[in-house]
Amino acid sequence: MFDYEACLQACARGDQRALRQLYEQDSSRLLGVALRIARDKSLAEDIVHDAFIKIWRGAGSFDPSRGSARGWVFSVTRHLALNVVRNHYREVPLGEEHEQVAATDTFEFSARAGQVHICLEQLDPARRTCILHAYVDGYSHSEIAQKLDTPLGTVKAWIKRSLAALRECMA
């Protein structure tokens, strides 16, 4: 029987053989998960590739008290696939008419971008860091909490209050 937890611990120590063993053990099943979500084979293959990178880099963050190691591996892949699909549907192809409108909006966008910077600078540094991790780096609230070694509820409250402060500042 494959020992997922020991494999993740080995990955956390930098053992590339462990990652290869994990890949051989579950890559086809993870591809199935990604394919069911993405409904595109090449996109699903990219998702699995990215998932293994994320698993490799994040193996040290696996906490056995929160669930099984195998479940964590599948969860990483599933969440990545959902995020890729979600982001893919947000993309909007632009036509020539948009290019003309975009040119006239450039000045307004630049002015608003400067305003966002000013408003961000007014936030407490820890709260600003949370906002940037969430909206620039794309981290989840729990990833931010872990990265900052701060309780999850605190991070959620900081982000909620900071967004309200940014809205007020931008108005």
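Residues numbered from 1 in each chain as written. Predicted model: local features only at pLDDT ≥ 70, side-chain atom pairs only at ≥ 80, totals over all residues. Heavy atoms only, no water.

Per an unreviewed UniProt entry, the chain is named Sigma-70 family RNA polymerase sigma factor, and its organism is Pseudomonas tritici. For the chain, the Sequence similarities (unreviewed entry) comment in UniProt is given as "Belongs to the sigma-70 factor family. ECF subfamily." (UniProt positions renumbered as here; feature names shortened; annotations may be inferred.)

Engineer: Can you help me understand helix α1 (residues 4-12) in this one?
Structural biologist: Think of an α-helix as 3.6 residues a turn; residues three or four steps apart then line up on the same face. Those residues of α1 that sit buried are Y4, C7, L8, A10 and C11. Along the long axis of α1, the arc covered by the buried residues comes to 160 degrees, so they all point the same way. Put simply, D3 is the residue that caps the front of α1, since its side-chain oxygen is 3.3 Å from the backbone nitrogen of E5. Directly after α1, the chain includes G14, whose backbone phi takes a positive value near 95 degrees. (Buried < 20%, exposed > 50% of the residue type's maximum accessible area, 1.4 Å probe, protein only. Helix = DSSP H or I, 4+ residues; strand = E, 2+ residues; numbered from the N terminus. Arc of directions from axis to C-beta. Polar contact = N/O pair within 3.5 Å; in protein donor to acceptor, adjacent residues only side chain to side chain.)

Engineer: Explanation requested: the packing of helix α2 (residues 16-38) against helix α3 (residues 41-58) in the structure shown.
Structural biologist: The relative placement of two packed helices comes down to the angle between their axes together with the axis-to-axis distance. Look at α2 against α3: their axes get within 8 Å of each other, and the N-to-C directions meet at 140 degrees. One way to sum up the angle between α2 and α3 is to call them oblique. Of the two elements, α2 crosses α3, and the hand of that crossing is right-handed. For the pair formed by α2 and α3, the contact residues are Q16, L19, L22, Y23, S27, L30, L31, A34, L35 and A38 on the first element and K41, L43, A44, E45, I47, V48, F52, I55 and W56 on the second. Looking at side-chain class alone, the contact of α2 with α3 contains 15 nonpolar, two polar and two charged residues. (Axes fitted to C-alpha atoms, helices over the stretch in contact; angles between N-to-C directions. Parallel < 35°, antiparallel > 145°, perpendicular 65-115°, else oblique. Left-handed = near helix turned anticlockwise from the far one by under 90°. Contact = heavy atoms within 4.5 Å. Nonpolar A, V, L, I, M, F, W, Y, C, P; charged D, E, K, R; others polar.)

Engineer: Can you help me understand the confidence of the model for the chain in this one?
Structural biologist: When pLDDT is low, close inspection of the predicted coordinates is not appropriate. Scored by pLDDT, the chain has a mean of 85; 85% of the residues are at 70 or more. For the chain, the element scoring lowest by mean pLDDT is helix α5 (residues 96-122), at 62; α1 scores highest, at 95. (pLDDT = per-residue confidence, 0-100.)

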